[in-house]
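Remarks on the overall topology
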Amino acid sequence: MNKHCIVVHGGAGTILKSTMSPELEKLYKQGLMDALTAGNAVLEQGGSAPDAVEAAIIQLEDNPMYNAGRGAVFTHDGKNEMDASIMDGKDLTAGAVAGVTHIKNPIKLARAVKDKSEFVLLCGPGAETFAKTQNIVFENDAYFYVQQRYDQLLQIRDSGATQMDHSDKAQPQKKFGTVGAVALDLHGNLAAATSTGGMTNKQYGRAGDTPIIGAGTYANNRTCAISCTGHGEFFIRAVVAYDISCLIEYKNYTLKQACDEVVNKKLVKFGGEGGLIGLDAQGHAELVFNSDGMYRGMKRAGEDFVLGIYRE
Ligand code: ASP
């Protein structure tokens, strides 16, 4: 079974078929296909799992329909503060950034932190100073201004609440999501990556689970690669990605058993809405969520693309 494989997600939340137009659904699926195609092309040529997940995430960051890079949601102060992380399952190296505001592709910066610095997590202005030393592309405010996103902020700005962008019950057609990818390459190595604008109306420099290695992202060849999406505070407290890895490493759970335990039992008890994608070194894949839906897709060597949005 050990063929190359890439799995992506575009966020979990209240995604209902009854409120989705066929045109919109097509666009979401095209975004997932583009990401899978980019990641699969890397893997097909014998490229590494970290390169594959980075290539997939870049596609989704450049797509304004997803809450990452160009489509990042707005903070309470009307800014875009993005988080991203990447981990290599072969050597357990990892890189992450939190609260970056003008980086076109935060995942590229996370990758540079992993490969070119002695650190794991860089935040805010410091991360952007580092970016300047790494030929990372910056964009201005206009690039990140997506009208629907700004409208989402206006709807809840004065309520004091934060919101997963895809859990907007009043405006269900405007649900977009955090993005993630996990890959298994031809050499049997795993990697995981996640990128997000976080939650609409967040403030005080809030960061979610996405840049936290072990919470939103984790990869270890001995166990699995995981990328999460959901209400970040719960995912941090439940240390979701690493918890799944631990169940496999210490308790001999299968990937499926571990994902079920953490997403459908532990997180549900916590009240944590969301989901994740996972792959193990044998190529078993899990795409699980306890929300109404999760944008998701998978491409395994020699097999058709598999795409999903709702609970099917
Ligand atoms: N996990 C992200 C955060 O809390 C949100 C999401 O997955 O949509 O920042």
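So, here is what we can say about the structure in this document. (Residues numbered from 1 in each chain as written. Predicted model: local features only at pLDDT ≥ 70, side-chain atom pairs only at ≥ 80, totals over all residues. Heavy atoms only, no water.)

Details of the environment of Gly 180
The criterion, for reference: The way it works is that DSSP assigns letters per residue, a run of H or I at least four long becomes a helix, a run of E at least two long becomes a strand, and they are numbered from the N terminus. It only takes one pair of heavy atoms within 4.5 Å for two residues to be counted as in contact.
Inspection of the secondary structure assignment puts Gly 180 in strand 5 (residues 179-184). A sequence separation of 123 residues divides Gly 180 from Glu 303, and the C-alpha atoms of the two residues are 21 Å apart. Ignoring anything within four residues of it in the chain, the contact list for Gly 180 reads Val 7, Val 8, His 9, Ile 57, Ala 193, Thr 194, Ser 227 and Ile 277.

Points about the sheet that holds strand 5
We apply this condition: A pair of strands is treated as paired once DSSP finds two or more bridges between them. Fitted lines through C-alpha atoms serve as axes, helices being fitted only where they are in contact, and the angles separating the N-to-C directions of these axes extend from 0 to 180 degrees.
The strand order across the open sheet built from 8 strands is 4-3-2-6-5-1-11-12, with neighbouring strands paired in mixed fashion. Looking at the sheet topology across the chains shown, the edges are occupied by strand 4 (121-123) and strand 12 (305-310). Averaged over all pairs of adjacent strands, the angle between their axes in this sheet comes to 10 degrees, without regard to strand direction. Note: strand 5 against strand 6 (residues 190-196), 6 bridges, orientation antiparallel. Across the sheet, residue Gly 180 finds its bridge partner in strand 6, namely Thr 194. Docked against the sheet, helix 1 (residues 22-44) engages strand 1 (5-13), strand 5, strand 11 (293-300) and strand 12, running at close to 145 degrees with respect to strand 12.

A word on the packing of aromatic side chains
To keep things clear, this is the line we draw: Stacked, edge-to-face and tilted are the three classes for Phe, Tyr and Trp ring pairs, Trp counted by its six-membered ring, which pair at centre distances within 6.5 Å; planes under 30 degrees apart are stacked, over 60 edge-to-face, the rest tilted. Lysine NZ or arginine CZ positioned within 6 Å of the ring centre and within 35 degrees of the ring normal marks a charge as sitting over the ring.
Counted under the stated rule, the structure contains 8 aromatic pairs. Connected via pairs of aromatic rings, a cluster forms that spans Tyr 28, Tyr 66 and Tyr 295. Above the face of the Tyr 143 ring, Arg 70 is positioned so that its terminal group lies 5.4 Å from the ring centre. In this arrangement the basic side chain of Arg 237 is found over the ring face of Phe 234, its NZ or CZ atom lying 5.0 Å from the centre.

As for the sheet that holds strand 7 (residues 217-219)
What the 4 strands build is an open sheet, ordered 7-8-9-10; its pairing is antiparallel. The open sheet has two edge strands, strand 7 and strand 10 (285-289), and neither has a second partner. Going across the sheet, the axis of each strand differs from the next one's by a mean of 10 degrees, ignoring polarity. The pairing of strand 9 (residues 274-280) with strand 10 spans 5 bridges and is antiparallel. Within strand 10, the residue paired with Leu 276 across the bridge is Val 288.

Overview of the packing of helix 8 (residues 240-251) against helix 9 (residues 255-270)
Test applied: With respect to orientation, any angle under 35 degrees is reported as roughly parallel, any angle over 145 as roughly antiparallel, any angle of 65 to 115 as roughly perpendicular, and every other angle as oblique. Left-handed describes a crossing whose near helix is turned anticlockwise from the far helix by less than a right angle; the clockwise case is right-handed. Polar here means any residue outside two lists: the nonpolar Ala, Val, Leu, Ile, Met, Phe, Trp, Tyr, Cys and Pro, and the charged Asp, Glu, Lys and Arg; Gly therefore counts as polar.
Interaxial distance between helix 8 and helix 9 falls to 9 Å at its minimum, and their mutual angle equals 135 degrees. When the axis of helix 8 is compared with that of helix 9, the two are oblique. Considering how the two elements wind past one another, helix 8 and helix 9 form a crossing that is right-handed. Residues Val 240, Asp 243, Ile 244, Leu 247 and Ile 248 of helix 8 pack against Leu 255, Ala 258, Cys 259, Glu 261, Val 262, Lys 266 and Leu 267 of helix 9. Its residues assigned to classes, the contact of helix 8 with helix 9 comprises 9 nonpolar, no polar and 3 charged.

Some points on the site of the ligand
Stated precisely, the cut-off is as follows: Note on terminology: near, applied to a residue and a molecule or strand, indicates that one of the residue's heavy atoms is within 4 Å of it. Residues adjacent in sequence count toward polar contacts only when both atoms are side-chain atoms; beyond that, a polar contact is any pair of N or O atoms within 3.5 Å, and within protein one must be able to donate a hydrogen and the other to accept it. Here the Shrake-Rupley method, with its probe set to 1.4 Å, supplies the accessible areas, and only the displayed protein chains count as covering residues.
In the region of the ligand, 11 residues are neighbours, and Thr 178, Arg 206, Asp 209, Thr 229 and Gly 230 sit closest. Thr 178 is positioned with one of its side-chain polar atoms (N or O) 2.8 Å from an oxygen atom of the ligand. A distance of 2.7 Å is found between a nitrogen atom of the ligand and a backbone nitrogen or oxygen belonging to Gly 230. Bound to the protein, the ligand loses 100% of the 270 Å² it would expose on its own. Of the residues contributing to the shell around the ligand, the split by class is 1 nonpolar, 8 polar and 2 charged.

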